[in-house]
Amino acid sequence: MKRKKRTTTISGETERKSYHADEKGNYGEFGGAYIPEMLYPNTEELRQNYLRIMADPSFQREFDHLLKDYVGRPTPLYFAERLSQKYGTKIYLKREDLCHTGAHKVNNTIGQILMAKKLGKNRIIAETGAGQHGVATATVCALMGIECVVYMGEIDIARQAPNVARMKMLGAKVRPALSGSRTLKDATNEAIRDWINNPVDTHYIIGSVVGPHPYPDMVARFQSVISEEIKWQLKEKEGRENPDYVVACVGGGSNAAGAYFHYLDVPEVGIIAVEAAGKGIDTGESAATSALGKVGIIHGSKTLLMQTQDGQITEPYSISAGLDYPGVGPMHAHLFKSGRGEFISITDDEAMTAGLEVSQLEGIIPAIETSHAFAIFDYKQFKEDDVVVINLSGRGDKDLQTYIDYFKL
Ligand SMILES: *Cc1c(COP(=O)(O)O)cnc(C)c1O
């Protein structure tokens, strides 16, 4: 099937083709905006303006400036020599762990706060599960001097005390969600309720390539700086822009979307997505959406999600908080369904072992999310001259206690 091509200007050179969102936010059969009518004015304002604002030179200047001087971009593309030797292929690491705040999430929160300012909003809301997105949001709100309210399930507040403290220190208000299972989905409901009640002055910052259109596309574009940099960095190091494979872990899928973005429509570049199999795909305790998910609607978009026979969303499980999500963004559902992406599920144990190995071979302690991506070498054999880029989405400091408990360090 042929799709309309359209050229847009976000990062200067992006062409819209089949693996990108179309004008309605559809990725193949996935995506779209399935929202209550009361939310329509909010998402519609964003939809009508986001591409124009992103293409505005003053927006791009400010975004580029903050990515450079505040976040510390470009992040290095590092040739991992010892890891390469061990697995007999050329492995490069895209060092998003070196971003300010320790992960890729800040690329998106900076983009969205600038977007909010252009739309005349003076109040930010967000929801967070493990607290990473809450911290990234509170960070940029402090930077801009904008009021910040983060919704978080009461249970998660107790489980994630250090991140709650960080948010408070950064000046954000953390509001507990007291209903339901008192975790992420309840916090999401509270945030949506808030947004419906405050449509004029408030912007809702979503932290991954999920949610109703235009969020998945907007977040993917903000994160696309990752593959934009990989292209010129690889050209410098290997004399070519295209790796043979680009690998990333997928929770909602934002670091992956950023790492794939400029390669989505380059068929020579293999796309590998790594999901959390938790204690094993068949144990009932996993977050392996591609293996277990069925088509459904979550957070306003049609995608693959883990659900019971009668369509109730299943509680996901992973040792890594960032991958502990029952769905994937619509881009990834499409990459899976179309066969463009290869999906691999990695258990807790495999990820932890891989994280320890990378620490000791390269002197880099990865976030446990990223450790999942490093475990693929047990499943996939690469050729000696293959260039494999792994997106190192975040650093492991936040996970130290989990590593300590697991390895009895
Ligand atoms: C949040 C997080 C993820 C998962 O989110 P995506 O939207 O799938 O990228 C992965 N790695 C790290 C380090 C994170 O903090």
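Residues numbered from 1 in each chain as written. Predicted model: local features only at pLDDT ≥ 70, side-chain atom pairs only at ≥ 80, totals over all residues. Heavy atoms only, no water.

Sites flagged by UniProt as "domain: Tryptophan synthase beta chain-like PALP" (unreviewed entry) map to residues 72-394. Between the C-alpha atoms that bound residues 72-394 the distance is 14 Å, and the span itself is 40% helix and 21% strand. (UniProt positions renumbered as here; feature names shortened; annotations may be inferred. Helix = DSSP H or I, 4+ residues; strand = E, 2+ residues; numbered from the N terminus.)

Turning next to the sheet that holds strand β11 (residues 245-249). An order of β5-β6-β16-β11-β12-β15 is seen for the 6 strands of this open sheet, with the pairing classed as mixed. Strands with a single pairing partner mark the edges of an open sheet, and in this sheet they are β5 (77-79) and β15 (341-347). With direction set aside, neighbouring strand axes in the sheet form an average angle of 25°. Helix α14 (residues 348-362) rests against β5, β12 (270-278) and β15 of the sheet, and its axis sits at about 95° to β15. (Pairing = 2+ DSSP bridges. Axes fitted to C-alpha atoms, helices over the stretch in contact; angles between N-to-C directions. Contact = heavy atoms within 4.5 Å.)

Moving on to the packing of helix α1 (residues 40-55) against helix α9 (residues 215-223). Taken N-terminus to C-terminus, the directions of α1 and α9 make an angle of 15°; their axes are 10 Å apart at the nearest point. Classed by the angle they form, the pair α1 and α9 counts as roughly parallel. The handedness of the crossing between α1 and α9 comes out as left-handed. Contact residues: Leu46, Tyr50, Leu51 and Met54 in α1; Tyr215, Asp217, Met218, Arg221 and Phe222 in α9. Tallied by class, the residues present in the contact of α1 with α9 amount to 7 nonpolar, no polar and 2 charged. (Parallel < 35°, antiparallel > 145°, perpendicular 65-115°, else oblique. Left-handed = near helix turned anticlockwise from the far one by under 90°. Nonpolar A, V, L, I, M, F, W, Y, C, P; charged D, E, K, R; others polar.)

Let us look at the site of the ligand. Around the ligand there are 15 residues in total, and Lys105, Ser208, Gly251, Gly253 and Ser254 lie nearest to it. In this structure, an oxygen atom belonging to the ligand sits 3.0 Å away from a side-chain N or O atom of His104. Between the ligand and Gly252, the relevant distance is 3.2 Å, taken from an oxygen atom to a main-chain nitrogen or oxygen of the residue. Within the complex, the protein chains bury 97% of what would otherwise be the 380 Å² of accessible surface of the ligand. Of the residues in the shell around the ligand, the class split is 3 nonpolar, 10 polar and 2 charged. (Near = heavy atom within 4 Å. Polar contact = N/O pair within 3.5 Å; in protein donor to acceptor, adjacent residues only side chain to side chain. Areas by Shrake-Rupley, 256 points an atom, 1.4 Å probe, with all protein chains shown as cover.)

This structure, assessed with the given rule, holds 13 aromatic pairs. Aromatic side chains Phe377 and Phe382 sit 5.7 Å apart centroid to centroid with 65° between the ring planes, which places their arrangement in the edge-to-face category. Accessibility classification places Phe377 together with Phe382 in one group, the buried group. One Lys or Arg, Lys279, reaches over the ring of Tyr317 and ends 5.1 Å from the middle of that ring. (Phe/Tyr/Trp six-rings, centres within 6.5 Å; stacked < 30°, edge-to-face > 60°. Buried < 20%, exposed > 50% of the residue type's maximum accessible area, 1.4 Å probe, protein only. Lys NZ or Arg CZ within 6 Å of the ring centre and 35° of its normal.)

What follows concerns the pattern of salt bridges. This model, assessed by the stated rule, comprises 26 salt bridges. One salt bridge connects Glu357 with Lys86, and the closest N-O pair in it is separated by 2.7 Å. Placement of the pair is Glu357 in helix α14 and Lys86 in helix α3 (residues 81-87), with a sequence separation of 271 residues. The partner of Lys398 in a salt bridge is Glu369, with the nearest N and O atoms 2.9 Å apart. Of this pair, Lys398 sits in the loop between β16 (387-392) and α16 (400-407) while Glu369 sits in helix α15 (residues 368-374), and the two are 29 residues apart along the sequence. Judged by relative accessible area, Glu369 falls into the buried class, the value being 9%. Salt bridges here are not isolated pairs; linked through shared partners, they connect Arg73, Lys94, Glu96 and Glu229. (Salt bridge = Lys/Arg side-chain N within 4 Å of Asp/Glu carboxyl O.)

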